[in-house]
Amino acid sequence: MRRSVRVLGMVALGALLLGGTTLGALRLDDPVPGFATRRGEVASVTRDEATVEEGHRIEAVTVRSTSGVTVPMLVKRPLADSAAPLVVILGGHATGRDAARLIPDTRGRVVVALSYPYTGPHRMKGLEIFKWAPDIRQALHDTPPAIQLALDWLLQQPWVSAREVHGVGASLGTPFMTVAAALDPRITHVWSVHGAGQSRALLAHNARESMPHLLAPLAGALADVIISGPYLTPERWAARIAPRPFTMINATNDERLPRAAVEALYDAAQQPKSLLWMPGQHVQPNRPEVVRALVTTVLQRMEPAPAESKAAGE
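Residues numbered from 1 in each chain as written. Predicted model: local features only at pLDDT ≥ 70, side-chain atom pairs only at ≥ 80, totals over all residues. Heavy atoms only, no water.

What should I look at first to understand the packing of aromatic side chains in this one?
For the coordinates displayed, the defined rule picks out two aromatic pairs. On the basis of an interplanar angle of 80° and a centroid distance of 6.0 Å, the ring pair of tyrosine 116 and phenylalanine 176 is categorised as edge-to-face. Pair noted here: tyrosine 116 is in the loop between strand S6 (110–114) and helix H4 (128–154) and phenylalanine 176 is in helix H5 (residues 173–183), with a separation of 60 residues, a long-range link. Neither residue differs from the other here; tyrosine 116 and phenylalanine 176 are each classed as buried. Ring centres 6.1 Å apart and planes at 70° place the aromatic pair tryptophan 153 and tryptophan 159 in the edge-to-face group. Accessibility assignment for this pair places tryptophan 153 and tryptophan 159 in one class, buried. Cation over ring: arginine 259 sits above tryptophan 277, and NZ or CZ is 4.1 Å from the ring centre. The ring of tyrosine 266 is capped by lysine 273, whose NZ or CZ atom sits 4.4 Å from the centre of that ring. (Phe/Tyr/Trp six-rings, centres within 6.5 Å; stacked < 30°, edge-to-face > 60°. Helix = DSSP H or I, 4+ residues; strand = E, 2+ residues; numbered from the N terminus. Buried < 20%, exposed > 50% of the residue type's maximum accessible area, 1.4 Å probe, protein only. Lys NZ or Arg CZ within 6 Å of the ring centre and 35° of its normal.)

Laid out in structure tokens, this is it:
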């Protein structure tokens, strides 16, 4: 989440300095009506040669829509071709589909990690950010329909069972997976891993690393408008997931997510829901111990959610 928020903070700060020129260019509209159009239909599928690693079959797949949206994914599944429960993961943009490689054992499930539908550079210098700002915004708007497009292809595969489909949004992926699940009843259980609501507050909180603290709230508010945060913030969508289970797993010492933002998302969800607090910091690829603990916890808990519970950390 850190790099993504830093990019958005730079966009917001630049927009402030340019007197709102960037705002006009980015069109502050509601992306939701265009979701179905951007999802389109599966137009083509590119599949790399599958390999066998750690007792699993691993295959890189790219699905392209008739709308032009492209979804790269990495499929990690049991060697047997019998239909298995599906776990779709959307995490940070830096890890993307390689998140599937962080899972040593899928426990008999088909695990698919998605990359964001963004093809521009991930590292930019100075004012180069303004060249790519519209593309970044479009990619964020395209992410919920991209998740649905991925499901359109996956649920047609003989080795996937449509009866159990888990949508896992980790960190930056939480808002987009929540929106997609609210729109798509094929997702039977939604997981928010180190995610939170209140997008404006989150952007402001994390923008403090890249700009003076006095500017951070203003930059966060502006970045939130630029990415259509008022429409995409997950607490706006969480209630629509019920009666399907909504599970949150968060860290007690998360430096990226204020506790109030975590609880705002939890409060917005309806039953059945649960919130588990685990010790540690925010999930990142360079914290393998955090990733391993989260993966183990999620896979172990992938059962019908019990009645509302708030575990340790109260």
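Quick question: what am I supposed to make of the pattern of salt bridges here?
Where side chains of opposite charge bring their charged atoms close, a pairing between them can arise. Under the definition given, this model contains 11 salt bridges. With a closest N to O distance of 2.8 Å, arginine 38 and aspartate 142 form a salt bridge. Separated by 104 residues along the polypeptide, arginine 38 in helix H3 (residues 35–39) and aspartate 142 in helix H4 bring together distant segments of the chain. For glutamate 53, the salt bridge is made with arginine 101, and the minimal N-O distance between the two is 3.7 Å. Here arginine 101 lies in the loop between strand S5 (84–90) and S6 and glutamate 53 lies in strand S2 (residues 51–53), a separation of 48 residues in the sequence. Judged by its relative accessible area of 43%, arginine 101 is partly exposed. What you see here is one network of salt bridges that share partners, running through Arg39, Asp152, Asp184 and Arg186. (Salt bridge = Lys/Arg side-chain N within 4 Å of Asp/Glu carboxyl O.)

Could you clarify how one ought to interpret the nonpolar core in this entry?
Counting 59 residues, the largest nonpolar core has Met73, Leu86, Leu114 and Leu154 as its most contacted members. The element contributing the most residues to this core is H4, with 10 residues. In contact with leucine 114, not counting residues within four places along its chain, are Val71, Pro72, Met73, Val88, Ile89, Leu90, Gly96, Arg97, Ile147 and Ala150. Val87, Val111, Ala170 and Ile249 belong to the second-largest nonpolar core, a separate cluster that totals 25 residues. (Core = buried A, V, L, I, M, F, W, Y, C linked by side-chain atoms within 4.5 Å. Contact = heavy atoms within 4.5 Å.)

Everything listed is a geometric property; what it means functionally is a separate question.
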